[in-house]
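# Report on the structure
Chain residues, written in single-letter form:
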Amino acid sequence: MRYRQLTTGTLALGVLLLIDVLRVWLPGIITIFGQAASTPAELMGAFALGWFVLAMGAPAVVRRVGARPVTVVAAVALAVARLALTAAPGGRTQLWLATAGLLAGLVWLVGVAADTDRPVPGLALGFAVNAALHAVLDTVDLVWRGDWVAWLLSAVAVAVFLAGTAQSGRHGGAGDARTGPADAPVGSADAPVGPGGGRAWLLAGPALLLAGMVALSPALARTGMSYLVAGDGVARSPLFGLAPVPVAVAGFLCAALTRPPSGWGRAYGPVALLGGAVLFALDLGDLLLPAILLAAVGLGACLALTDDASQPASGTASAGTASAGTASAGTASAGTASAGTASAGTASADTAGGGSASRRGYAVAAGMLVFALGAVGYYSAYDLGYPNAAVPVVVAVLIAAVAFTTRPVVHWLPGPFPPLRAAAAVTALALLAPVLADEVPVASNRDGPPQRLTVVAYNVRMGFGLDGRFDLTGLAQVVDRQRPDVVLLSEVDRAWLLNGGHDTLDLLSDRLGMPYVFGPAADPVWGDAVLSRWPVRDPRTLPLAAVGAPTGAQALAVTLDLGDGVRTAVVSTHLQPPPGKGPVVQARAVAEFATGYAAGRPLVVAGDLNTEPGDEAFAEFTKVGLVDALAAARPLATSPADDPRQQIDHIFVSPGLTPGDPVAPRSTASDHLSVAVTVTLPPR
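From a predicted model like this one, the values you see are computed outputs, not experimental measurements. (Residues numbered from 1 in each chain as written. Predicted model: local features only at pLDDT ≥ 70, side-chain atom pairs only at ≥ 80, totals over all residues. Heavy atoms only, no water.)

### Describing helix 3 (residues 58-65)
Note the following rule: Whether a residue is buried, partly exposed or exposed follows from its accessible area with a 1.4 Å probe, protein chains only, as a fraction of its type maximum: under 20%, in between, or over 50%, in that order. Secondary structure is summarised from DSSP: a helix means a run of H or I of at least four residues, a strand means a run of E of at least two, and numbering begins at the N terminus for each. The reported arc concerns the directions from the helix axis to the C-beta atoms and nothing else.
Those residues of helix 3 that fall on the buried side of the exposure criterion are Ala58, Pro59 and Val62. The arc that holds every buried residue of helix 3, seen down its axis, measures 100°, which confines them to one face. Exposed residues on helix 3 whose side chains face more than 90 degrees from its buried face are Arg63 and Arg64. Downstream of helix 3 by one or two residues, Gly66 has phi in the positive range, about 110°.

### Observations concerning the pairing of strand 2 (residues 452-459)
Spelled out, the test is: Strands pair, by our definition, only if DSSP identifies at least two bridges between them.
Here strand 2 lies mainly inside the structure; seven of its eight residues are buried. Pairing geometry for strand 2 and strand 13 (residues 675-680), over six bridges, is antiparallel. Each bridged residue has a counterpart across the sheet, and for Ala457 the counterpart in strand 13 is Val675. For strand 2 and strand 3 (residues 486-493), the ladder comprises five bridges, and the chain directions are parallel. Its bridge partner lying in strand 3, Tyr458 is registered against Leu489.

### Section: the sheet that holds strand 3
Sheet strands associate in pairs through backbone hydrogen bonding, adopting either a parallel or an antiparallel arrangement. Strands sit in the order 1-4-5-3-2-13-12 across an open sheet of seven strands; the sheet is mixed. The strands lining the two open edges of the sheet, one partner per strand, are strand 1 (235-236) and strand 12 (658-663). One ladder, built from two bridges, connects strand 1 with strand 4 (residues 516-523); its direction is antiparallel. Bridging across to strand 4, Arg236 finds its partner in Val517.

### Re the pattern of salt bridges
Put simply, the test is: The term salt bridge refers to a side-chain nitrogen of Lys or Arg lying within 4 Å of a carboxyl oxygen of Asp or Glu.
Tallied over the entire structure, the rule returns 17 salt bridges. For Asp138, the salt bridge is made with Arg222, and the minimal N-O distance between the two is 2.9 Å. With Asp138 in the loop between helix 6 (120-136) and helix 7 (148-168) and Arg222 in helix 10 (residues 218-230), this pair connects stretches of sequence that are 84 residues apart. Judged by relative accessible area, Asp138 falls into the buried class, the value being 11%. In this structure, the salt-bridge partner of Lys623 is Glu620, at a minimum N-O distance of 3.4 Å. Note that Lys623 and Glu620 are positioned in helix 21 (residues 616-623) at a spacing of three residues, about one turn of the helix. The class of Lys623 is exposed, set by a relative accessible area of 60%. When its relative accessible area of 5% is taken as the criterion, Glu620 is described as buried. Among the charged side chains, a salt-bridge network with shared partners connects Asp138, Arg222, Asp438, Arg494, Asp503 and Asp506.

### With respect to the packing of helix 3 against helix 4 (residues 67-85)
Counted only if it meets this: In this analysis, axes come from line fits to C-alpha atoms, helices being fitted only over the stretch in contact, and the angle between any two N-to-C directions falls in the range 0 to 180 degrees. Note that the term roughly parallel is reserved for angles under 35 degrees, roughly antiparallel for angles over 145, roughly perpendicular for angles of 65 to 115, and oblique for everything else. When checking whether two residues touch, look at their non-hydrogen atoms; a contact exists if any pair is within 4.5 Å. Each residue gets one of three labels, nonpolar for Ala, Val, Leu, Ile, Met, Phe, Trp, Tyr, Cys and Pro, charged for Asp, Glu, Lys and Arg, and polar for the others, Gly among them.
In the contact formed by helix 3 and helix 4, the axes pass within 7 Å of each other and the chain directions differ by 125°. Put simply, helix 3 runs oblique to helix 4. Counted together, Val61, Val62 and Val65 of helix 3 and Ala67, Pro69 and Val70 of helix 4 form the full contact between these two elements. For the contact of helix 3 with helix 4, the class distribution of residues is six nonpolar, no polar and no charged.

### What about the sheet that holds strand 10 (residues 627-628)?
Across the sheet, six strands lie side by side as 6-7-8-9-11-10; this open sheet has mixed pairing. Since the sheet does not close on itself, it has two edges, and those belong to strand 6 (536-544) and strand 10, each with one partner. With seven bridges connecting them, strand 6 and strand 7 (residues 553-563) associate as antiparallel partners. From the neighbouring strand, Thr541 faces strand 7, where its bridge partner is Leu556. Most of the contacts of helix 20 (residues 584-598) go to strand 6, to which it runs at about 155°, and overall it touches strand 6, strand 7, strand 8 (566-574) and strand 9 (603-608). Each of strand 9, strand 10 and strand 11 (649-653) is contacted by helix 21, which is oriented at about 15° to strand 11, the strand it contacts most.

### As for the packing of aromatic side chains
For the record, the criterion: Any two rings among Phe, Tyr and Trp, with Trp reduced to its six-membered ring, count as a pair given centres within 6.5 Å; such a pair is stacked if its planes are under 30 degrees apart, edge-to-face if over 60, and tilted if neither.
Taken as a whole and assessed by the stated rule, the structure comprises 21 aromatic pairs. Ring centres of Trp51 and Trp96 lie 6.1 Å apart, and the angle between their planes is 75°; this geometry places the pair in the edge-to-face category. Here Trp51, found in helix 2 (residues 41-54), pairs with Trp96, found in helix 5 (residues 91-115); they are 45 residues apart in sequence, far enough to count as distant. Residue classification places Trp96 among the partly exposed residues on the basis of a relative accessible area of 41%. Plain terms: the ring middles of Trp144 and Phe464 are 6.0 Å apart, the flat faces sit at 80° to each other, and that makes the pair edge-to-face.

### Quick look at a nonpolar patch on the surface
What counts, and what does not: In this analysis, a patch consists of residues with relative accessible area above 30% that form no salt bridge, clustered at 9 Å for like charges and at 5 Å for the nonpolar side chains Val, Leu, Ile, Met, Phe, Trp and Tyr. We get accessible surface area from the Shrake-Rupley algorithm with a probe of 1.4 Å; when it comes to residues, only the shown protein chains can shield them.
A grouping of Trp148, Val149, Leu152, Leu153, Val156 and Val160 is seen on the molecular surface, where their side chains present a nonpolar patch of about 580 Å² in accessible area. Tracing the backbone through its elements, the reader meets Val160 in helix 7. Take Val160: its relative accessible area is 48%, and that puts it in the partly exposed class.

### Some points on the nonpolar core
This is how it is decided: Buried Ala, Val, Leu, Ile, Met, Phe, Trp, Tyr and Cys residues that are joined via side-chain atoms within 4.5 Å together make up what is termed a nonpolar core.
Membership of the largest hydrophobic core comes to 154 residues, with the highest contact counts inside it found for Trp25, Phe252, Leu253 and Leu489. Among the elements that take part in this core, helix 1 (residues 3-31) stands out by supplying 13 residues, more than any other. Each residue touching Leu253, except ones within four places of it in the same chain, is listed here: Ala124, Leu125, Ala128, Ala422, Ala423 and Val426.

### Some points on unusual backbone geometry
Look at the link from Arg634 to Pro635: it is a cis peptide, with omega at 0°. Take Pro635: it is sitting in the loop between strand 10 and strand 11. Of the consecutive residues Ser639 and Pro640, the connecting peptide bond is found in the cis state with omega at -10°. With respect to the helices and strands, the residue Pro640 is situated in the loop between strand 10 and strand 11. In the Ramachandran plot, Val547 falls in the positive-phi region, its phi being about 40° despite a non-glycine side chain.

### Focus: the pairing of strand 7
Most of strand 7 is tucked away: 11 of the 11 residues are buried. As paired strands, strand 7 and strand 8 are joined by eight bridges and run antiparallel to one another. Residue Asp561 lies in a different strand from strand 8, and its bridge partner there is Arg567. Here strand 7 folds back onto strand 8, and the loop between the two strands holds two residues, one of which, Asp564, carries a positive phi near 55°.

### A closer look at the environment of Ala401
Tracing the backbone shows Ala401 in helix 16 (residues 390-404). Classification of Ala401 as partly exposed rests on a relative accessible area of 39%. Measuring from C-alpha to C-alpha, the distance between Ala401 and Pro270 comes to 7.6 Å, with 131 residues separating the pair along the chain.

### Quick word on the environment of Leu293
On the secondary structure map, Leu293 appears in helix 13 (residues 288-305). Judged by relative accessible area, Leu293 falls into the partly exposed class, the value being 34%. Separated by 45 residues in the primary sequence, Leu293 and Ala248 have C-alpha atoms spaced 5.4 Å apart.

### Comments concerning the environment of Leu220
Along the polypeptide, Leu220 turns up in helix 10. Ignoring anything within four residues of it in the chain, the contact list for Leu220 reads Met213, Val214, Phe280, Leu288, Ile292, Arg494, Ala495 and Val525.

### Some remarks on helix 7
Stated formally: For a helix, the expected span equals 1.5 Å multiplied by the number of residues minus one.
Over its 21 residues, helix 7 extends 30 Å from the first C-alpha to the last, a length consistent with the 30 Å expected when each residue adds 1.5 Å. Within helix 7, burial applies to Ala150, Ser154, Ala157, Val158, Phe161, Gly164, Thr165 and Ser168. Taken around the axis of helix 7, the buried residues stretch over an arc of 125°, which confines them to a single face.

Dropping the structure here:
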C-alpha cells in the first residue's frame, strides 16, 4: 500500500474510533457525571470543556518529544479505551474510560497533524464511513452491543488501526520534510510532507460537529422521513426511513474528494452549508431532510476547498527528491552540498517544516475546542434556557469563511483513493441500512374491539439507565412485561449528538413491535411519543407555554381505533415546571386540551407530570373530571428509580374507564420507574 493511502486509511479509521468514544463520553456528561440531572449545567459544561482545553498543550509536547512517539502512545491509548468500552461497564468506570479515550484521541490527532499536510481525504472518509456504519447498525454502535460480533469487529478495527499506525511510522518522522519514497515527485500521492494543511485541520472539529448534528446523522435522516409520513407537526413510523443516508454520504464524499470549481463556483459549498444550517436551526421537522442534504454537500465542498492538494510548496527539498541545480541524496555535484552536508536551503526547509507541523497541531486542537464549545453551547441551552439556534449557523459560518478564503489550488492532484470509487464503496455500505436496519411495526384491530387496555407511561431518559449505559433491552423488558396495548413515552431523543446520535424511539418501536406517533417538544428530535398495538387516528400536538422552564413541552393527542367504531383518546405529555414552582399553567392547558380533544370519548392522559398528588398542578386534572388511575396503589413513588421518593409519573382516565392493577415495576433502566394500569372500557 502506498504511503499516502496507508496514512489516509489510518486517519479515517482513527477518526471512526474517536467518534465511537465520543458517542459514549458525551452522554456520560449528563447520565454519569451529571448524577441524574442534579448537577448544575455550568459544572457539566466546565467538565466537558476542560479536556479539550487540556489537549491544547499537546502541540507543545509534540514539538519537544517528537510526533512519532506521541502519536504511537496516543493511538495505543485510544485503541485500548475503545476496546474496553465494548464491555459497556457503566458508571464511573465507563465515564473515565471514555474520558481517557477522548483525551488520547485528541492527542493522537495532534500527532497525526504534524505528519499530514493533506488530511481532507482521511477526515472525509472517516466521517462518511462512520455515518454509514452507524446507519447499518440502526444507530446502536458496536460499543453498546457487547455480543461476540461486537467484540470481534471492534477488535479487528482496533488491530487494523494499530497496524496502520505502526506501518506508517516506517515512512518518516513527524514534521520532517524527509518522508516519502526517493522517486516521488513533488505533489504526488507519495510526496514529502509540506507546510500546508493547517486550514483543513482547523476545520476537523467544526466539521465533526455539523456532520454529527446534521449532515451525516442517520437518526436525524430517519426522523426527517417520519415527519414527511405524518405531517401536521407530528411524526410517524416511516418506511425506509434511512434512505436519505446513502444520498447524503454520496453527496458529501463526491464534493469532498473531487476538485472544487474555480472562480465564484467555489461559493456553492459555503452557500449550501449555510443553507442547511439555517434550515436545521428553524426547528421544523418538515425541513430536516433538505437541511441534511444541503449540509452534507456543502460540508464536503468546504473541506475540498481547504484540501492542499498541490503541497508541498516549491522550494522545499527532501532526501531523494532532486530539483534543478541540486544533487540527489548521496550524490555530490559541482556547486551543491554532498550528502550529509546541510545547506542553508535545507536548514530553512527543516525549520519551516517544524513550524508547519506545530501550526497544524495547534490548528486541530483549536478546531476540536470549537467542537466542544459548539456542542456544549448548543445542548446546554436545554438546561439553561437561552436560544441556541444560532450555534449551528455560527459554526457553519466559520467553516464557510475558512474554506472560501483559502487560496485556490492551481495544480490540483487526485487524492490517495479515486474519488468516485471511494464514494461508491461507502455509499454501497450505506445502502445496506434501509434494507437491514429499517423495520416498520404494523398495528391491527382485527381482534377488536377489546374489553380492556393496558396502558404504560415511562420517562425513558433518552434510553440511558442510571449507570449511564444505553439500555434499550432493559427499557423494552420493563415495558413488554406489562403486555401493553398503548405506551406513552417521555424524554424521547431521536438524534441528539449529545446523547450519541441514536433514534431511541424507532429502536424501542422495533423491539416492542409497536408503531409510533411522535410529538416534538424541545425541538423536532426531542419530545414525547405514543406507541400502540391499535391503529392510530387524528394525531394532534399542542406546544405548551414555557412559563420560565428551560426545556420545551407539549401534549400529543391521538385516537386509538379499536374496531367496530370504538374509539379511545390518548394524550402523552411531559410537564416542565418553572424554577421553584409547579407546572400549574401547563397542567391546566393539557387538561383543557385533552378533554376538548376527546369530546366525550374515553380518555387517557399520562406521562411525567412533575407534580405530586395534592399539588395544585395535580388538581388541574381532577378539576376537569379525570380520575387518578393509580390512586389504589398510592403511595407509588416513581423517582429516582434507585430510591423512589417522589410520585411524579401519573395516569389519569375519564370516568367511563375503570382502572385496575396499578403498578410501578422496579428497574434502573431509566431514572424514573414506569407506571402501568389496565383500564376496562365502558360497555358498548
